[in-house]
Amino acid sequence: SSTTTTSTSSAAHGASTVVPSPSTVSGQAKPPPQGGSPGASGGSGASIVLAEGKQRLSFVGRLRLCTRSLILEPDDKRNALYRIPFKSVQVMEQVAAGRQVLVVVTDLVVRMFEGGGGCMPYVLDKTAGQRWTFRLLYASLASLASEATALLKINKLAPHVRDEELSIRTEKQEAEFVFDTSRLHDFTETVVASSAAIEVEPLIKVRGRLVLTEARLYFQPLHNLSGASPVKSCELSNIVGIAVRKFGLRDVAAEVFLKQSGLGNSKETTSWFLCFYSAGARDQVVTELLKQLQSILEHEGKGYL
């Protein structure tokens, strides 16, 4: 969904708690000044009003609702990413019914990847009472209020209670996540195994749903943050080996080895590291995968695994 955002350092009053979920933000994109830090005081997909000098900036992007913060992600990569931690938010309020406008007042904003995403230190702006205004263009603000309110309240709890509550909510969301069968390559495919899983890459863990059919192995991320294909898959005929692995000192992972053709559109990926929530879930998927691979070899007359 889309939004327009405004930020000032003057404090606001009131304590209504309404927040948008992952949403697209829209405004008039203004290029960053020459020689300066682009979007130094801006918000993703928003019109920003600065307290100093009353300069106004506006650009297009996404407003993402995360478990511990709001992330403002501009479409123009010259602008910085902005993170507003829930624990620092003092006010969240809907300006007027039907206007799709959200006001957030915070005492901390973290600016990240200024100047196009280079390796630069994050900038912590601890100015009290920073005021941000977002206007959603597509998503319904009211429909997002329940989840945002709950997350805001949870992040105000003691750290150990907060972590436990967030873990419960995340696990519940993952358990309820259903694979989109319209993403199967062939409508005649039959799902023979399915499990919640985590795709592990360097510095990245992607939660989602792993699905096995008689022809392919699929992984659908819980949140498609990269904007790439919503489902990653490989043909079973491209799998050349499977190994059980440990991850985080727990025997709950598996590595799938592939031919050089790789995974999806990647020509370099030669293995797929997947972590499960229990050894039993891992073993069930691996056992069924071996059965399907055995069936393919027998059908091709190549013998046994």
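Basis of the calculations
- Residues numbered from 1 in each chain as written.
- Predicted model: local features only at pLDDT ≥ 70, side-chain atom pairs only at ≥ 80, totals over all residues.
- Heavy atoms only, no water.
- Helix = DSSP H or I, 4+ residues; strand = E, 2+ residues; numbered from the N terminus.
- Buried < 20%, exposed > 50% of the residue type's maximum accessible area, 1.4 Å probe, protein only.
- Areas by Shrake-Rupley, 256 points an atom, 1.4 Å probe, with all protein chains shown as cover.
- Core = buried A, V, L, I, M, F, W, Y, C linked by side-chain atoms within 4.5 Å.
- Expected span 1.5 Å × (residues − 1).
- Contact = heavy atoms within 4.5 Å.
- Arc of directions from axis to C-beta.
- Pairing = 2+ DSSP bridges.
- Salt bridge = Lys/Arg side-chain N within 4 Å of Asp/Glu carboxyl O.

Draft legend 1. How the structure looks around the overall build of the protein. From N to C terminus, the protein includes four helices and 19 strands. Split into buried and exposed, the 305 residues of the protein put 46% on the buried side. A total accessible area of about 15,800 Å² is found for the protein, and carbon and sulfur atoms account for 53% of it.

Draft legend 2. Here's a closer look at the nonpolar core. In this structure, Leu70, Ile84, Val104, Trp132 and Phe134 are the most contacted members of the largest nonpolar core, which totals 24 residues. Listing elements by their share of this core, those giving two or more residues are β5 (61-65), β6 (69-74), β7 (81-85), β8 (89-94), β9 (101-106), β12 (130-135) and α2 (141-154). If one sorts the elements of this core by residue count, α2 sits on top with six residues. Counting residues in each nonpolar core, the second largest holds 21 residues, with Ala193, Leu212, Val286 and Ile296 among its members.

Draft legend 3. Local environment of helix α4 (residues 279-299). Given a rise of 1.5 Å per residue, 21 residues ought to cover 30 Å, and the 30 Å separating the end C-alpha atoms of α4 matches this to within 8%. For α4, the full list of buried residues reads Arg282, Val285, Val286, Glu288, Leu289, Gln292, Leu293, Gln294, Ile296 and Leu297. Tucked into the core, α4 has its buried residues touching β13 (191-201), β14 (204-213), β17 (239-247), β18 (250-258) and β19 (271-276).

Draft legend 4. Here's a closer look at the environment of isoleucine 71. For isoleucine 71, the position within the fold is in strand β6. Under the relative-accessibility criterion, isoleucine 71 is labelled buried at 14%. With 38 residues separating them along the chain, isoleucine 71 and valine 109 place their C-alpha atoms 10.0 Å apart.

Draft legend 5. Local environment of helix α3 (residues 159-176). With 18 residues, α3 extends 26 Å from end C-alpha to end C-alpha; this agrees with the ideal 26 Å at 1.5 Å per step. Taken together, the buried positions of α3 are occupied by Arg162, Leu166 and Glu174. Within α3, the buried residues cover an arc of 95° as seen down the axis, which keeps them to one side. For α3, exposure combined with an orientation more than 90 degrees from the buried face picks out His160, Glu164, Glu171, Lys172, Ala175 and Glu176.

Draft legend 6. The arrangement of the pairing of β17 in detail. Sheet analysis places β17 next to β18, joined by seven bridges and oriented antiparallel. Note that in β18 the partner of valine 244 across the bridge is alanine 254. The turn joining β17 and β18, which pair antiparallel and follow one another in sequence, is formed by two residues; a positive phi near 60° is taken by glycine 248.

Draft legend 7. Main features of the pattern of salt bridges. Taken as a whole and judged by the stated rule, the model has 12 salt bridges. A salt bridge links aspartate 180 to arginine 183, with the nearest nitrogen and oxygen atoms 3.7 Å apart. Salt bridges linked by common partners bring Arg68, Arg162 and Asp163 together as one network.

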